[in-house]
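Next come the chains, spelled out residue by residue.
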Amino acid sequence: MEIELSCNSYAFESLTVEPFNAEPPRSALISSYVTPVDFFYKRNHGPIPIVDDIESYYVSICGLIENSKDLFMRDIRMLRKYNITATLQCAGNRRTAMSNVRTATVAQEEKMIMLSPGLTSYEMQHAVWSGAKLADVLELVGIPNLTSVTRSGGKHVEFVSIDKCKEENGGPYKASIPLSQATNPEADVLLAYEMNGEAQYSVVALFLVVWATSCLNPVELTSWLTLNSNAYSKFFLSIIMPKPLNRDHGYPLRVVVPGVIGARSVKWLDTINILAEECQGFFMQKDYKMFPPSVNWDNINWKSRRPLMDFPVQHNTETCWLTVRNLLTRGRECDEAWKADPQLLYNLQAKVSGYAVSGGGRGIERVDISVDGGKNWVEASRYQKTGIPYIADHMSSDKWAWVFFEVIIDIPHSTQIVAKAVDTAANVQPESVETIWNLRGVLNTSWHRVQVRVGHSNM
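Residues numbered from 1 in each chain as written. Predicted model: local features only at pLDDT ≥ 70, side-chain atom pairs only at ≥ 80, totals over all residues. Heavy atoms only, no water.

Per an unreviewed UniProt entry, the protein goes by Sulfite oxidase and derives from Citrus sinensis.

What follows is the structure, encoded as structure tokens:
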């Protein structure tokens, strides 16, 4: 027996060294609802900066405001901490499939990634981000919640990074979002300093905590902490506190803009500028814009399109399993069963599973699966957390997060499995990548297709 599943043929990691870019095996993407840090995709436009002196690190808030301010990490940590579950997605997700139709022009590091053998460019993962809401931070400089324009005429919030990139002529990476979004607490824009809430403990640390709290009376405990405040406070904080962001993902502080393409979630934050106009940086004005198929480098007008913000409805089929009468069709015993009863060949089932997500906080209304090229469809079941029913746009669901789906369907013969997602605003994925081709290769949200071929092996 022979089973070929294209969704399992990409089990490798692709990367470029400078700038560093990597993504996990596709099979690892839906192994858990929250993507482990080690499996989270890495997308950079320049060298990863190093911030060693966290005590002296600060973020400047300036621009069209009455009072500029420098915020140190201790200031940001004093604000209320929020945990936001959100999926980040690169605008170039599934770019390779678009380039297979017609060559899309990309940056050099993107070209190197696309040339990796078999790469599909699935740059979407899911994490729990922790930090202060940008709306709370802006209140510190006199900008109230739900503000659309400051007294000085500021309408946009620009994030400037520490890292440098050649597209900015050696200057910093930067991007912006509207002030109305930045000051809206419901938009959940974060200045994040933790990822996945990972706490690290050691036996020594736990022993010292137990000893200090149980063996010393309050007076002795206060005296002990006072005498050893510098050394021990740093020791406890470094071991017991939740793990901060690592360098790859923006240490010590990054922006997370849920529901928006990843290019706006600036890492290694240096400055927050309040501007009258949107950011004029390269990646806002001459990249990450979507043009119609008729536009090429001879007739392109960058000013004719707005920068991409919310990402559209998207999905990916990650795993496919074939079963015969509820038996997994792998191994010699299944092949022997096939030989004993050739009719099993016509009694196949496939379990199809994957994830779907839409931008702007829109939920996933349904995911449809077809085994006959889209003539007939079966609706898949949806969930986020195991055992908890998913209801789109309900308060029990994570509105910025991906949604898992699965369905078991009959497979009469070798075929192509097709899937599409629909969000709560009735946005649906387009059937063909040809109709949405664009010269930068962004936002390929076309139907995802998985080839399944079934036949006898030579075992």
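1. With respect to the packing of aromatic side chains
Put simply, the rule is: Ring pairs are drawn from Phe, Tyr and Trp, using the six-membered ring of Trp, whenever the two centres fall within 6.5 Å, and their geometry is named by plane angle: stacked under 30 degrees, edge-to-face over 60, tilted for the rest. The buried label applies to any residue whose accessible area, calculated with a 1.4 Å probe on protein chains only, is under 20% of its type's maximum; exposed applies above 50%, and partly exposed to all values in between. Whether a charge lies above a ring is judged from NZ of Lys or CZ of Arg, which has to be within 6 Å of the ring centre and within 35 degrees of the ring normal.
Using the criterion set out here, one finds 11 aromatic pairs in the structure. An angle of 35 degrees between the planes, with centres 6.1 Å apart, marks the rings of F283 and Y288 as tilted. On the basis of relative accessibility, which here comes to 1%, the residue F283 falls in the buried class. Over the face of the ring belonging to Y82 we find K133, whose NZ or CZ atom lies 4.4 Å from the ring centre. The ring centre of W377 lies 4.4 Å from the NZ or CZ of K420, which sits over that ring.

2. Some points on empty space enclosed by the protein
Rules: Think of a 1 Å grid over the protein atoms and nothing else: a 1.4 Å probe that fits but is trapped marks a cavity, an open set flanked by protein within 12 Å on at least five of seven lines marks a pocket, and residues with an atom within 4 Å of a point count as lining. Grid points are joined across faces, edges and corners, and a volume is the space filled by probe spheres set on the points. Three residue categories are used. Nonpolar comprises Ala, Val, Leu, Ile, Met, Phe, Trp, Tyr, Cys and Pro, charged comprises Asp, Glu, Lys and Arg, and polar comprises the others, including Gly.
Summed over the entire model, instances satisfying the criterion amount to seven cavities of 30 Å³ or more. Lining the largest cavity are 20 residues, and of these R43, G262, A263, S265 and K267 sit closest to its centre. Per-class residue counts for the lining of the largest cavity are 10 nonpolar, six polar and four charged.

3. Quick word on the nonpolar core
As a reminder of what qualifies: To qualify as a nonpolar core, a set must consist of buried Ala, Val, Leu, Ile, Met, Phe, Trp, Tyr and Cys residues joined through side-chain atoms within 4.5 Å. Whether two residues are in contact is decided by their heavy atoms: any pair within 4.5 Å suffices.
L134, V157, F159, L253, I261, L269 and I272 are the most contacted members of the largest nonpolar core, which has 53 residues in total. If we skip the residues at most four places from it in the chain, L134 touches V157, F159, I177, A182, V189, L190, L191 and I272. Grouped together as the second largest cluster of nonpolar side chains are 21 residues, A392, V403, V407 and A419 included.

4. Section: the pattern of salt bridges
Quick reminder of the rule: Take a side-chain nitrogen of Lys or Arg and a carboxyl oxygen of Asp or Glu: if they are within 4 Å of each other, that pair is a salt bridge. Secondary structure follows DSSP: runs of H or I at least 4 residues long count as helices, runs of E at least 2 residues long count as strands, and numbering of each begins at the N terminus.
Applying the stated criterion across every chain, the model contains 12 salt bridges. Between K133 and D188 there is a salt bridge; the shortest N-O distance is 2.9 Å. Of this pair, K133 sits in strand β7 (residues 124–133) while D188 sits in the loop between α5 (179–182) and β10 (190–199); the two residues are 55 residues apart in sequence, bridging distant segments of the chain. On the basis of relative accessible area, K133 is assigned to the buried category, the value being 9%. Among the residues examined, D188 registers a relative accessible area of 11% and is labelled buried. When salt bridges that share partners are traced, they join R77, K81 and E194 into one network.

5. Structural notes on the sheet that holds strand β13 (residues 269–275)
Within a sheet, neighbouring strands are paired by backbone hydrogen bonds and run either parallel or antiparallel to one another. Under the convention used in this document: At least two DSSP bridges between two strands are needed for those strands to be called paired. Geometry is summarised by axes, namely lines fitted to C-alpha atoms with helices restricted to the contacting stretch, and by angles between N-to-C directions that run from 0 to 180 degrees.
If you walk across this open sheet you meet the five strands as β5-β4-β13-β8-β9, and the pairing is mixed. Of all the strands in the sheet, the pair left with one neighbour each is β5 (69–72) and β9 (172–178). Along the sheet, successive strands turn relative to each other by an average axial angle of 20 degrees, direction set aside. As judged from the six bridges shared by strand β8 (residues 156–164) and β13, these two strands associate in the antiparallel manner. Bridging from a neighbouring strand, V160 pairs with T271 of β13.

6. Quick notes on the pairing of strand β21 (residues 415–423)
Burial analysis of β21 places eight of its nine residues in the buried class, the great majority of the element. Bridge analysis of strand β17 (residues 364–370) against β21 gives six bridges, and the strand direction is antiparallel. Note that in β21 the partner of D368 across the bridge is K420.

7. A short note on the environment of I436
With respect to the helices, strands and loops of the structure, I436 is situated in the loop between β21 and β22 (448–455). Between the alpha carbons of I436 and S446 there is a distance of 8.0 Å; along the sequence they are 10 residues apart.

8. Quick word on the pairing of strand β4 (residues 58–63)
Pairing between β4 and β5: four bridges, direction antiparallel. Bridge pairing links V59 to L71 in β5. Once β4 ends, the chain turns through five residues before running back antiparallel as β5. Pairing analysis gives four bridges linking β4 to β13, with the strands arranged parallel. Bridging from a neighbouring strand, G63 pairs with I274 of β13.

9. Section: the environment of K166
With respect to the secondary-structure elements, K166 resides in the loop between β8 and β9. K166 gets classed as exposed once you look at its relative accessible area, which sits at 52%. Sequence separation of K166 and F282 is 116 residues, and the distance between their C-alpha atoms is 10.0 Å.

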